[in-house]
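Next come the chains, spelled out residue by residue.
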Amino acid sequence: MGLFKYIVDANEYTNFFARLNLSSPILSNLKDNRYILNQDSQLVKQFKIPSQKNAAFTQLVKQYQEKLYWHIRRMVVEHEDANDVLQNSFIKVWNALDNFREDSQLYTWLYRIATNESLSFLEQKKRKQTSSFDDVAEVYGNTVKADSNFNANQLEWKLQLAIQQLPEKQKLVFNLRYFDEMTYEQISKILDTSEGALKASYHHAAKKVEEFIKTH
Amino acid sequence: MENKEIIEELEQVAPLLNTIAKAPVQSVPDGYFDQFQVQIGPDHSKTEIDAAPIVKMNTRGKWFSLAAAAVVIGILVIGGFNLVNQPVSDPGMVINMEQIAKIDINQSVQALSNDAIDEYLKTANALAGPENSLHQYTVDAISETTVAEISDEELQLYLSE
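What counts, and at which threshold
Residues numbered from 1 in each chain as written. Chains lettered and ligands numbered in written order. Predicted model: local features only at pLDDT ≥ 70, side-chain atom pairs only at ≥ 80, totals over all residues. Heavy atoms only, no water. Helix = DSSP H or I, 4+ residues; strand = E, 2+ residues; numbered from the N terminus. Contact = heavy atoms within 4.5 Å. Buried area = accessible area lost by both parts, 1.4 Å probe. Polar contact = N/O pair within 3.5 Å; in protein donor to acceptor, adjacent residues only side chain to side chain. Nonpolar A, V, L, I, M, F, W, Y, C, P; charged D, E, K, R; others polar. Core = buried A, V, L, I, M, F, W, Y, C linked by side-chain atoms within 4.5 Å. Buried < 20%, exposed > 50% of the residue type's maximum accessible area, 1.4 Å probe, protein only.

Visitor: Talk me through the side chain of Asn175 of chain A; I want residue IDs and the actual numbers.
Guide: Of note, Asn175 of chain A is situated in helix H8 (residues 168-178). Non-local contacts of Asn175 of chain A, meaning those with residues more than four positions away in its chain, are made with Arg74, Met75, Ile163 and Asp180 of chain A.

Visitor: So, the interface of chain B and chain A: which residues are in play, and what are the values?
Guide: Where interface size is quoted, it is often the accessible area lost as the parts come together. Contacts between the two partners involve 31 residues from chain B, matched on the other side by 41 residues from chain A. Where chain B abuts chain A, roughly 3,500 Å² becomes buried across the two surfaces, and 64% of that area is made up of carbon and sulfur atoms. Counting the surface chain B buries against chain A, the share from its top three residues, Val25, Gln26 and Phe33 of chain B, is 18%. For the pair chain B and chain A, the number of links is 17 residue pairs in polar contact (both at pLDDT 80 or more). Secondary structure elements with two or more residues in the side of chain B that touches chain A: helix H1 (2-13), helix H2 (32-35) and helix H3 (42-50) of chain B. Of the residues that constitute the side of chain B that touches chain A, the class distribution is 19 nonpolar, seven polar and five charged.

Visitor: An account of the nonpolar core is needed here, citing residue identities and associated values.
Guide: Leu159 and Phe174 of chain A together with Leu17 of chain B are the most contacted members of the largest nonpolar core, which has 71 residues in total. With 11 residues, the top contributor of residues to this core is helix H3 (residues 53-76) of chain A. Setting aside its immediate chain neighbours within four residues, Phe174 of chain A contacts Leu159, Ile163, Leu166, Phe179, Tyr202, Ala205, Ala206 and Val209 of chain A together with Leu17 of chain B.

Set out below in structure tokens:
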């Protein structure tokens, strides 16, 4: 967007659109994204200043903990596991943020770390269980059903059960696109996969999920 | 707008999914996000370092293996050395050629009984085999001809060969 070349920070951005008197949803969304990017950039800069490091990190955790938690929880299913993986992810962030280069977005970088931690965790868990994929899907399904809020007739829960039937990579793509509403470009940066392959994977996963919900 | 794109995309692929609420349904402990804290600091780093004593255990195992191997090799070497240098249990078994050479053969043969010489010849024939048999010699023949005609020097020379 060439338009953004003239926008230096969030305040300037807000003033710019206020003068134009535009309030369409598209511009509002662009404004939010721009604000987040600016805020992320500020956080990274603050983190690199020793006296502001802790405050910047606390702010970063507050800002992303819930999003990352749900991203992880959708993968590992159990709350205790999600909590452990989230802790490890933020520890990785703490250790690596000094070297973070702003040629990628902080948002996608955080998701990448959380994704890798989730996959490592699942790999370790699988090795301990030494069970086949079908068994793993069944185990995850049973964990979903064990939730105190579970309601077998509710579509949202059927959706959760359907997602557990997907292979890990498809599950990741589906979650990032469907729940986190990311662009294929963003998902591509997180998973290191071409946008075309991601699109095919998402469509395949969505059809499978829909089919499962219809038949269960 | 991405959200609109996603809805349109799903409408083509799996429209049922557009009718489902995306808000999380799984239970989370009360106040989890408000109380969530990342445990970072010197203590945590220390815990992480301490939690990896696997390297130490491996090193100890390696030393133990090397020490065990050294002990086994030591036992083999010492055992082999002792076996090679084992003292002869019966000193009488050592054949001293010089002492044999000094024996007075005629006197010794005279002292032997005929039965003993016959027994010796039978044993010698059996050990030598048919080609080298000493069967042509008898006690009488040896006593009458061979021994009498052989000088001490010749006998000593023969024995020293």
